[in-house]
Amino acid sequence: MKIWKKNLIAAAVLLAVCGGIYVNWLYGEDQTVADLTDTLDSDKLLNSDVVMGDGAGDSDTTLSSYFAAVRLSRQQARDSAVSLLQEAMAYGDDVEAAQTSKQLEEIVQSALCEAQIESLVIAKGYADCVAYISEDGISVAVASPEGGIQQSDVAVITDIILSQSAFTMQDIRVVEVP
């Protein structure tokens, strides 16, 4: 009699968990997730009129807020993509799981490369920067030093990117953030 009760309880818990997964899948199906390139298109981010705060703060606060907002947006989009890929791996067959695993590996490698480039650019004396890798290349937004970015600054940043990634000169975009 005890074994029968244990099996009944285990079956009820399993049924509740499966029901929860089904409901999550059912309602999560309608959500659209922005593509990383749509969310973090460097032209949209860097050429748009982004207002952070009321303008009463100093420029250092606004600049650091800008870089923090871009990093947060990039991380949220990447987390969303990783979540979807992990879900696809869990419910897909072996071929889909292999493809999804490859996409996850590419996301991780891009994130690591971006972090290395950002760290090295900041280590060279620039106040802040954010790098974004896409299919089209890499965009690096750098906080404008006093006097603006010079050719030598672009050369230093380009050298860092070339040494840390497989991009060519044509793939690199350096953007000054005033």
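Residues numbered from 1 in each chain as written. Predicted model: local features only at pLDDT ≥ 70, side-chain atom pairs only at ≥ 80, totals over all residues. Heavy atoms only, no water.

(A) Highlighting the overall build of the protein. When helices and strands are counted, the protein shows six helices and three strands. Counting helices and strands in the order they occur from the N terminus, the protein gives α-α-α-α-α-β-β-α-β. By the burial criterion, 27% of the 178 residues in the protein qualify as buried. Here the contacts in the protein between residues at least 6 apart in sequence split such that 58% fall between residues at least 24 apart. Carbon and sulfur atoms provide 56% of the accessible area of the protein, an area that totals close to 11,900 Å². (Helix = DSSP H or I, 4+ residues; strand = E, 2+ residues; numbered from the N terminus. Buried < 20%, exposed > 50% of the residue type's maximum accessible area, 1.4 Å probe, protein only. Contact = heavy atoms within 4.5 Å. Areas by Shrake-Rupley, 256 points an atom, 1.4 Å probe, with all protein chains shown as cover.)

(B) Representation of the pattern of salt bridges in the model. Enumeration according to the criterion identifies five salt bridges in this entry. Two residues, Glu118 and Arg71, come together in a salt bridge whose shortest N-O distance is 3.7 Å. Here the residue Glu118 occupies a position in helix α5 (residues 94-123), and Arg71 occupies one in helix α4 (residues 59-91), the gap between them amounting to 47 residues. Given a relative accessible area of 25%, Arg71 falls into the partly exposed group. Between Arg74 and Glu114 there is a salt bridge; the shortest N-O distance is 3.5 Å. Within this pair, whereas Arg74 is found in helix α4, its partner Glu114 is found in helix α5, the two being separated by 40 residues in sequence. Taking relative accessible area as the criterion, Glu114 reaches 1% and is therefore assigned buried. Among the charged side chains, a salt-bridge network with shared partners connects Arg71, Arg74, Arg78, Glu114, Glu118 and Asp128. (Salt bridge = Lys/Arg side-chain N within 4 Å of Asp/Glu carboxyl O.)

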